[in-house]
Amino acid sequence: MNPSPETVKSGRRPLAIVEDHELVLDGLTNWFGTHAHDFEVVISASSWGALIRHPAFPPDVVVMDYQLAEPISIESRIGLCAAAGAVVVVMSAVTDQVDIDRIMAAGAARFVPKANPAADVLAAVRSALGVDDAQGLAAARFSDDEIAVLNLYADGHNPVEVALLQNSRPEAVRKILAGIRSAYATQGRPADDRETLIRRAAEDGYLR
């Protein structure tokens with residue numbers, strides 16, 4: 001079955017999550033539903049079999065746990081997804097370089113340690129698909145100076161404090177923050193207050 005007409009109409013891209021720990025699966029599924037404005041989780045599966053038998057398979061991207069309980073190699077899983085036309089992002093609690101090399105050699109587009117926040121998984125998914133492929137809903141692009149201001153502001157500093165830390169002027173900092181908000185507003189992703197702006201920055205992977 002293809003993605004729903006509502007998904008296509010909204011410009012959201014279909015995404016699957018396969019993870020055999022139900023708590024992690026539910027948490028990540030709910031997080032994507034709240035924060036990933038450009039994706040729709042069409043498959044939330046606790047097993048490999050449930051993923052590939054789902055009528056919405058293949059989606060555009062599969063977020064996959066490396067260590068599923070089923071005895072199916074990562075090479076076979078990634079290979080089948082790729083053959084079906086799905087991009088694969090692998091997450092794992094295992095961060096040994098040998099395992100990471102194996103995952104990437106198998107054809108994964110990105111790898112994300114499970115110790116990282118969910119925003120990093122979303123950033124990896126967007127990066128794997130290509131920002132120009134998100135129909136106007138891609139991550140906003142900011143300069144290194146803008147990202148530095150954004151991080152200091154997200155850390156709780158006001159524009160005057162940010163200016164002091166950067167040997168700049170408060171007016172310059174306010175202008176940068178206004179420009180960032182304007183960029184998000186242009187995308188249809190308003191960021192009018194501090195909390196929303198920080199959430200937008202986290203969605204796009206800009207917070208260190």
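Conventions and cut-offs
- Residues numbered from 1 in each chain as written.
- Predicted model: local features only at pLDDT ≥ 70, side-chain atom pairs only at ≥ 80, totals over all residues.
- Heavy atoms only, no water.
- Salt bridge = Lys/Arg side-chain N within 4 Å of Asp/Glu carboxyl O.
- Helix = DSSP H or I, 4+ residues; strand = E, 2+ residues; numbered from the N terminus.
- Buried < 20%, exposed > 50% of the residue type's maximum accessible area, 1.4 Å probe, protein only.
- Axes fitted to C-alpha atoms, helices over the stretch in contact; angles between N-to-C directions.
- Parallel < 35°, antiparallel > 145°, perpendicular 65-115°, else oblique.
- Left-handed = near helix turned anticlockwise from the far one by under 90°.
- Contact = heavy atoms within 4.5 Å.
- Nonpolar A, V, L, I, M, F, W, Y, C, P; charged D, E, K, R; others polar.
- pLDDT = per-residue confidence, 0-100.
- Phe/Tyr/Trp six-rings, centres within 6.5 Å; stacked < 30°, edge-to-face > 60°.
- Lys NZ or Arg CZ within 6 Å of the ring centre and 35° of its normal.

Engineer: Before we go on, may I ask you to explain the pattern of salt bridges in this structure?
Structural biologist: When the charged atoms of two side chains lie near each other, side chains of opposite charge can form a pair. For the structure shown, the criterion picks out 7 salt bridges. Its salt-bridge partner being Asp 60, residue Arg 13 comes within 2.8 Å of it at the nearest N-O pair. Linking Arg 13 in strand β1 (residues 13–18) with Asp 60 in the loop between α3 (48–53) and β3 (61–65), this pair joins segments that are 47 residues apart in sequence. For Arg 169, the salt bridge goes to Glu 171, with nearest N and O atoms at 3.9 Å. Owing to a relative accessible area of 54%, Arg 169 belongs among the exposed residues under this scheme. One connected set of salt bridges, linked through shared partners, spans Glu 19, Asp 65 and Lys 114.

Engineer: I tried to follow the packing of helix α2 (residues 22–35) against helix α6 (residues 118–129) on my own but got confused; where do I start?
Structural biologist: In a packed pair of helices, the relevant descriptors are the angle between the two axes and the axis-to-axis distance. At a minimum axis distance of 10 Å, the contact between α2 and α6 shows a crossing angle of 65°. Here α2 lies roughly perpendicular to α6, going by the angle between them. Note that α2 runs across α6; the crossing there is right-handed. Residues Leu 28, Trp 31, Phe 32 and His 35 of α2 lie in contact with α6, whose contacting residues are Ala 118, Ala 119, Val 121, Leu 122 and Val 125. Tallied by class, residues from the contact of α2 with α6 come to 8 nonpolar, 1 polar and no charged.

Engineer: Is there a simple way to think about the confidence of the model for the chain in this case?
Structural biologist: In regions of low pLDDT, the predicted coordinates are not meant to be interpreted in detail. Per-residue pLDDT for the chain averages 87, and the proportion of residues at 70 or more is 89%. A low-confidence stretch, residues 1–10 (pLDDT under 50), is modelled with 10 contacts involving residues beyond four sequence positions or located in other chains. Below a pLDDT of 50 lies the segment residues 131–137, which in the model reaches 11 contacts outside its immediate sequence neighbourhood of four places, other chains included.

Engineer: Explanation requested: the packing of helix α7 (residues 144–154) against helix α10 (residues 194–203) in the structure shown.
Structural biologist: Put simply, α7 and α10 touch, their axes get as near as 10 Å, and they point 130° apart. In terms of orientation, α7 and α10 fall into the oblique class. By crossing handedness, the relation of α7 to α10 is classed as left-handed. Contact residues: α7 offers Leu 150, Tyr 153 and Ala 154, while α10 offers Arg 194, Leu 197, Ile 198 and Ala 201. Broken down by class, the residue content of the contact of α7 with α10 amounts to 6 nonpolar, no polar and 1 charged.

Engineer: Sorry, what's going on with the packing of aromatic side chains here?
Structural biologist: What characterises a pair of aromatic rings is the spacing of the ring centres plus the angle enclosed by the ring planes. Throughout the structure, instances matching the rule amount to 3 aromatic pairs. Considering the side-chain rings of Trp 31 and Phe 32, the 5.8 Å spacing of their centres and the 70° angle between planes classify their relative orientation as edge-to-face. A relative accessible area of 19% places Trp 31 in the buried class. Note on Phe 32: relative accessible area 0%, which makes it buried. Ring geometry for Phe 142 against Tyr 206: centres 5.4 Å apart, planes inclined by 55°, an arrangement best described as tilted. You can see Phe 142 sitting in the loop between α6 and α7 and its partner Tyr 206 sitting in the segment after α10, a full 64 residues away along the chain. A residue is classified by how much of its surface remains accessible, and Phe 142, at 13% relative accessible area, is buried. Classification of Tyr 206 as buried rests on a relative accessible area of 13%. Site record: aromatic cluster; members linked through ring pairs are Phe 142, Tyr 184 and Tyr 206. A cation over an aromatic ring shows up here: Arg 194 above the ring of Tyr 153, its NZ or CZ 4.0 Å from the ring centre.

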